[in-house]
Amino acid sequence: MIKLPNYIVHGGDYNPDQWLKTPEMIDDDMRLMKEAHINSATVGIFSWSMLEPEEGVFRFEWLDDIMDKLNKNGIGAILATPSGARPAWLAESFPEVLRVNENGIRNEYGVRHNHCLTSPVYREKVRIINTALAERYAEHPALTMWHVSNEYSGECHCEKCQQAFREWVREYYHNDLDELNDKWWTGFWSHRITDWSQINSPKERGENHSSALKLCWDRFVTESHISFYENEAAPLRRITPDIPITTNFMRMYDRIDYQKFAKHLDIVSWDNYPDFTGGNIPDKAVYTAFCHDMFRSMKNGQPFFMMESTPSIVNGRPVNKLPRPGIQTLTALQAVAHGADSVQYFQWRKSRGGHEKFHGAVVDHSGRSDTRVFREITRTGSLLEALGGVTGARCESKAAVICDFENSRAVKHFCGYNNERRDYFDECVKWYRPFTEAGISVDVITMDADFDAYGLVIAPFLYMLKDGVEEKIREYVRRGGHFLTTYLSAVVDSDDLCFLGGLPAGSLKEVFGISVCETDSLFENAPGKSSFLGKEYDVEHVCDILSAEGAAVLGEYKSDFYAGKPSFTENSFGKGTAYYAAFRNDGELSRDVCAYLVKKAGIKPDTNLKTSEGVIVRKRGEFIFVMNFTNEPKETELDGKYIDVLSGEACGSSVKIGEEECRVLKQL
Ligand code: GLA
Ligand code: ZN
């Protein structure tokens, strides 16, 4: 049985191996961690050259000492495997471990995430060090979790990877070249393949590669990462079967299909670096909320970890502004509100040298605990202790937005319509936003997920319809579901071949009661106009011109030669309803449509607390999080008896939420 921590983990990346020459620093760390209510430290992420300074020579003594010290101080260890960066000797003895770029040039030694995913030598070396780590610390009382590698990313185009790709493609197309030529539509530009050896990895921007080949490469890269991870995880699972294993994901990085990858993890974790230092913070808060909900939804709503966040500044933006006081705590509690069972930082102590020496840390170069940042982290830590009861609690959602990573890749690869404005993830957030702003929990799911768990499913820009999804949508609506999709949906199949016979594909014409006549693209500063239930909206970037074939027309175009043609339709099908929003909008239409849809689908906000601009209300278990992302105080009326979980005090008839503050309530 996998054992997950039964408290909110509060900690972060800890690199004591950079400080072994000053052991007093490490004693200071222990004292300071306790002072800051830190209960976890992630160790060893980039420690390979300290753990195995020469091939086959292992030095664990320093780590033994750290693990013992953590344990003595009641701090759990999340132990990392070091594959994210490698010792120089490894690259020197086995150059094949280094990555080759898409032009066929092997990278020099240096940086990180610079390894071939296929290299048998690298996989073997990783397996050896992981096995040694697991054997050494299997019984160590501090060990709470495995952090495999770090932010897997990128791809390798070496000959070994090319060969593996060819084999992958061959298996995918059942060893049948004819099938491959059909699926890749290779008659186009005479790209017919007559031997598997003629297949090569595509270039990111190469237009001479069919989008089907690019999709195959994406799938192969995802599977290479998964099998690389599985190779890393195998000894850990065998030697420490109770210890959960994760790897940290990055926001909307879609070069790896995280939704597929997540199935291999015991717990999903991700690194959260929202820019809450300026601009429209409430807007960015919705984006972050979306990411939390997406990562939570990857494992059926199981709580996830926020493996990294910054305690203060970052270092890689053009200008790295300090976040205002309170923002760190708000960022931490927002994660918990959406299902995180951890609040972790990059990094505990600032490194003295190297690329990230000016990246924020809980402990600055001064080494002091009376800094603004240290105090805020300490406060966050004590709030998380007060919130301990939320650990493991789930968020219940009755509505879902589909945001599918494979669809995202397919959308990126095609050429046509509006090539400047695609922004698939932005489009998903646009349709997610109104729910979050109205205090309605939403799951962010794939097109393969079970729709029946929801009364309402929104599928923005669902360009690719994978096998079986057409039937799934039809049956969902027939049984009583409410389903909305938008322009350029149901256009291609899993192999990126266009559906024939008119859009939307196949029987969806009947489900939506429409057919798509043409698709127009609009110039950036020349939006069109459309109505929806009597109000006018801008039409942006791209739109489908519809013909209603049974559907009720709720909106029509008011501009261009297609003025008067349907732009928004609603169709009863079986016991449910299917909606088609045919144009891209600037957010106003999606807000009004969502208000309309939740009524139709009978979906209620999670609580009866009133939301206001910039304030997000979220319910997790019995905990109600009221988060104010604006820089002015807000007040919300309360109907019933509530207590403030963080202070333990009873609330009156309303609750005040300070600027950039989060209150956590419980109804009595
Ligand atoms: C990533 C990495 C960390 C560190 C931080 C800095 O998330 O995982 O090692 O580089 O960024 O923000
Ligand atoms: Zn390679």
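Residue positions within a chain follow its written sequence, with the count starting from 1. Just so you know, chain letters begin at A and ligand numbers begin at 1, following the order they were written in. For a predicted model such as this one, the threshold for reporting local features is a pLDDT of at least 70, and the threshold for listing and counting side-chain atom pairs is 80 or more; totals across whole chains, interfaces and linings nevertheless cover every residue. The basis for the side-chain values is all heavy atoms of the structure; hydrogens and waters are excluded.

### Some thoughts on a nonpolar patch on the surface
On the surface, Trp-185, Phe-188 and Trp-189 cluster together into a nonpolar patch covering about 420 Å² of accessible area. Secondary-structure assignment places Phe-188 in the loop between helix H7 (177–183) and helix H8 (211–239). Here the term buried applies to any residue with accessible area under 20% of the maximum for its type, exposed to any over 50%, and partly exposed to those in between, with areas from a 1.4 Å probe on protein chains only. Classification of Phe-188 as partly exposed rests on a relative accessible area of 48%. For patch building, the residue pool is restricted to those with more than 30% relative accessible area and no salt bridge; the joining distance is 9 Å between like charges and 5 Å between nonpolar side chains (Val, Leu, Ile, Met, Phe, Trp, Tyr). Reported accessibility uses the Shrake-Rupley method at a 1.4 Å probe radius. Residues are deemed covered only where the shown protein chains occlude them. Only one rule defines a salt bridge in this text: a Lys or Arg side-chain nitrogen within 4 Å of an Asp or Glu carboxyl oxygen. Counting from the N terminus, the helices are DSSP H or I runs at least four residues long and the strands are E runs at least two residues long.

### What about the domain arrangement of the protein chain?
As assigned here, the protein chain comprises domain 1 (9–83 + 115–153 + 223–390), domain 2 (159–212), domain 3 (399–601) and domain 4 (615–667). Here the limits of each domain have been adopted from an automatic or database domain assignment. The distance between the C-alpha centroids of domain 2 and domain 3 comes to 32 Å. Buried area: the accessible area, evaluated with a 1.4 Å probe, that two parts lose upon being put together, summed over both parts. Summing both sides of the interface, domain 2 and domain 3 together bury roughly 530 Å²; the carbon and sulfur share of this comes to 47%. Taken as a group, Lys-183, Glu-204 and Ser-211 account for 66% of the area that domain 2 buries against domain 3, more than any other trio of residues on that side. Along the contact surface separating domain 2 from domain 3 lie one salt bridge. For Asp-495, the salt bridge goes to Lys-183, with nearest N and O atoms at 3.7 Å. Pairing of N or O atoms within 3.5 Å defines a polar contact, subject to two protein rules: one partner must be a possible hydrogen donor and the other a possible acceptor, and residues neighboring in sequence count only if both atoms are side-chain atoms. Linking domain 2 to domain 3 there are two residue pairs in polar contact (both at pLDDT 80 or more). Breaking the side of domain 2 that touches domain 3 down by element, the ones donating at least two residues are H7 and H8.

### Let's talk about the nonpolar core
Here, nonpolar core refers to any group of buried Ala, Val, Leu, Ile, Met, Phe, Trp, Tyr and Cys residues whose side-chain atoms link them within 4.5 Å. Counting residues in each nonpolar core, the largest one holds 176 residues, and the members touching the most others are Leu-63, Phe-249, Trp-348, Leu-387, Phe-483 and Phe-625. In terms of residue count, the dominant contributor to this core is helix H10 (residues 281–297) (nine residues). Two residues qualify as a contact provided that any one of their heavy atoms is within 4.5 Å of a heavy atom in the partner residue. Contacts of Leu-387, omitting those with residues within four sequence positions, involve Ile-8, Leu-333, Val-336, Phe-623, Phe-625, Val-645, Leu-646 and Val-664. Residues Phe-165, Val-169, Leu-180 and Val-221 belong to the second largest nonpolar core, which totals 16 residues.

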